[in-house]
Amino acid sequence: MTFAILFVSIVILACLVGNRISNRIGVPMLLIFIVLGMFFGSDGVIRISFENFELAEQICSIALIFIMFYGGFGTKWSAAKPIALRAVILSTAGVVLTAGLTALFCYYALHIGLLESLLIGSLISSTDAASVFSILRSKRLNLKYRTASLLEVESGSNDPCSYMLTTIMLGLISGGKISAGAVTYTVFAQIIYGVAIGALMAGITIFVLKKFQVTTEGFDTILVFAFVLLAYAVPSAVGGNGYLSAYLFGIILGNADLDNKKSLVHFFDGVTGLMQMLVFFLVGLLAFPSALPAVVFPSLMIALFLTPDLRLCVYC
């Protein structure tokens, strides 16, 4: 137990130092966190053996809840409303188009199996919300045509479509039968339950914060913390998209007139920063640098292929 606490504190301090270095040299801090994870990993210098993918998935899922919530919390609806339709198109048709084009490239140019190509396209068709929120807000980019808001809303709402595509491909690869009815219901549940429950949770939270005075300082922040978890857990339990719910919950709460908003910003700013360190450090910790040479060529080819596609999506 003592060694684990010591290790965690050293990792956090290393990430903070890495963040400072990344700001000076202009390298995205998320890349620094991944490199640090590889440094500590089984193929790195420290050689810590960690291959528990199930535990990593659970930790990253919890971390992403707060990243999604805070991404929505910092989104101004006045800036997001004019681009909402375009964001929806990008998060649905854009995801399907990107998945299809990537699959075709993998199949015909890289000679990867058809189902595997479709799976690769499905997995990388959606933008990573944690990366988008982190880069756009840390760099404070002054993008034209409300592009920053467009990217944030799109990255926060594209999970249902990507989830649907990935589920279908995994089902086909495993030899299972995928019915049109099951796919339709999955899409319906992911979006409708996620949106409805996220909005409901936000309404309840705002009502409680305004109608009930919290006597102990800091308890209102703990209350919001609990509702963030509920905003994810409730829709997930009934088949909805918990991340979409948490993101919408954040948007509604962030645009509400709350007395304690400043303390909420300070608290969740720190929590989100810690969660980002955790997610990308674990990604690096699970990586095996010795295995990279075998996949570096197709990976770079896919990245180069996607680059003009991403630019087209940004400026469309």
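What counts and what doesn't
Residues numbered from 1 in each chain as written. Predicted model: local features only at pLDDT ≥ 70, side-chain atom pairs only at ≥ 80, totals over all residues. Heavy atoms only, no water. Helix = DSSP H or I, 4+ residues; strand = E, 2+ residues; numbered from the N terminus. Rg over C-alpha atoms; globule rule 2.2 N^0.38 Å. Buried < 20%, exposed > 50% of the residue type's maximum accessible area, 1.4 Å probe, protein only. Contact = heavy atoms within 4.5 Å. Axes fitted to C-alpha atoms, helices over the stretch in contact; angles between N-to-C directions. Parallel < 35°, antiparallel > 145°, perpendicular 65-115°, else oblique. Left-handed = near helix turned anticlockwise from the far one by under 90°. Nonpolar A, V, L, I, M, F, W, Y, C, P; charged D, E, K, R; others polar. Phe/Tyr/Trp six-rings, centres within 6.5 Å; stacked < 30°, edge-to-face > 60°. Polar contact = N/O pair within 3.5 Å; in protein donor to acceptor, adjacent residues only side chain to side chain. pLDDT = per-residue confidence, 0-100.

## A look at the overall build of the chain
Here is step 1 of the chain: Secondary structure assignment for the chain yields 14 helices and 0 strands.
Here is step 2 of the chain: In terms of C-alpha radius of gyration, the chain reaches 20 Å, essentially the compact-globule figure of 20 Å for 316 residues.
Here is step 3 of the chain: Projected onto the principal axes, the alpha-carbon positions of the chain cover approximately 65 × 50 × 40 Å.
Here is step 4 of the chain: Classification of the 316 residues of the chain by burial places 41% in the buried group.
Here is step 5 of the chain: Intrachain contacts of the chain at a sequence separation of at least 6 include 77% that bridge at least 24 residues.

## Quick look at the packing of helix 11 (residues 219-237) against helix 13 (residues 261-286)
Here is step 1 of the chain: In the contact formed by helix 11 and helix 13, the axes pass within 10 Å of each other and the chain directions differ by 60°. When the axis of helix 11 is compared with that of helix 13, the two are oblique. Between helix 11 and helix 13 lies a crossing of right-handed hand. Every residue of helix 13 that contacts helix 11 at Thr221, Val224, Phe225 and Val228 is listed here: Ser263, Leu264, Phe267 and Phe268.
Here is step 2 of the chain: In terms of residue class, the contact of helix 11 with helix 13 is made up of 6 nonpolar, 2 polar and no charged.

## Points about the packing of aromatic side chains
Here is step 1 of the chain: All chains considered together, the criterion is met by 15 aromatic pairs.
Here is step 2 of the chain: On the numbers, 4.5 Å between centres and 10° between planes, the contact of phenylalanine 105 with phenylalanine 305 is stacked. Within this pair, whereas phenylalanine 105 is found in helix 5 (residues 84-108), its partner phenylalanine 305 is found in helix 14 (residues 292-315), the two being separated by 200 residues in sequence.
Here is step 3 of the chain: For phenylalanine 105, a relative accessible area of 18% corresponds to the buried category.

## Brief notes about the environment of leucine 300
Here is step 1 of the chain: Mapped onto the fold, leucine 300 is located in helix 14.
Here is step 2 of the chain: With 167 residues separating them along the chain, leucine 300 and phenylalanine 133 place their C-alpha atoms 24 Å apart.

## Notes on the side chain of serine 162
Here is step 1 of the chain: Positionally, serine 162 belongs in helix 9 (residues 159-173).
Here is step 2 of the chain: Here the side chain of serine 162 touches serine 122 through a polar contact of 3.1 Å, landing on its backbone oxygen.
Here is step 3 of the chain: Side chain to side chain, serine 162 and serine 126 meet in a polar contact 3.4 Å long.

## Some details on the confidence of the model for the chain
Here is step 1 of the chain: Per-residue confidence for the chain averages 83 on the pLDDT scale, and 91% of its residues sit at or above 70.
Here is step 2 of the chain: Within the chain, the lowest mean pLDDT, 67, falls on helix 7 (residues 129-139), and the highest, 93, falls on helix 11.
Here is step 3 of the chain: Segment residues 309-316 is flagged for pLDDT under 50; beyond a separation of four residues in sequence, or across chains, it makes 8 contacts in the model.

## A look at the side chain of serine 125
Here is step 1 of the chain: Relative to the assigned elements, serine 125 resides in the loop between helix 6 (114-123) and helix 7.
Here is step 2 of the chain: Reaching out from serine 125, the side chain makes a polar contact with the backbone oxygen of serine 122 at a distance of 2.9 Å.
Here is step 3 of the chain: Excluding residues within four positions of it along the chain, serine 125 makes contact with Val95, Thr98, Ala99, Ser162 and Leu165.

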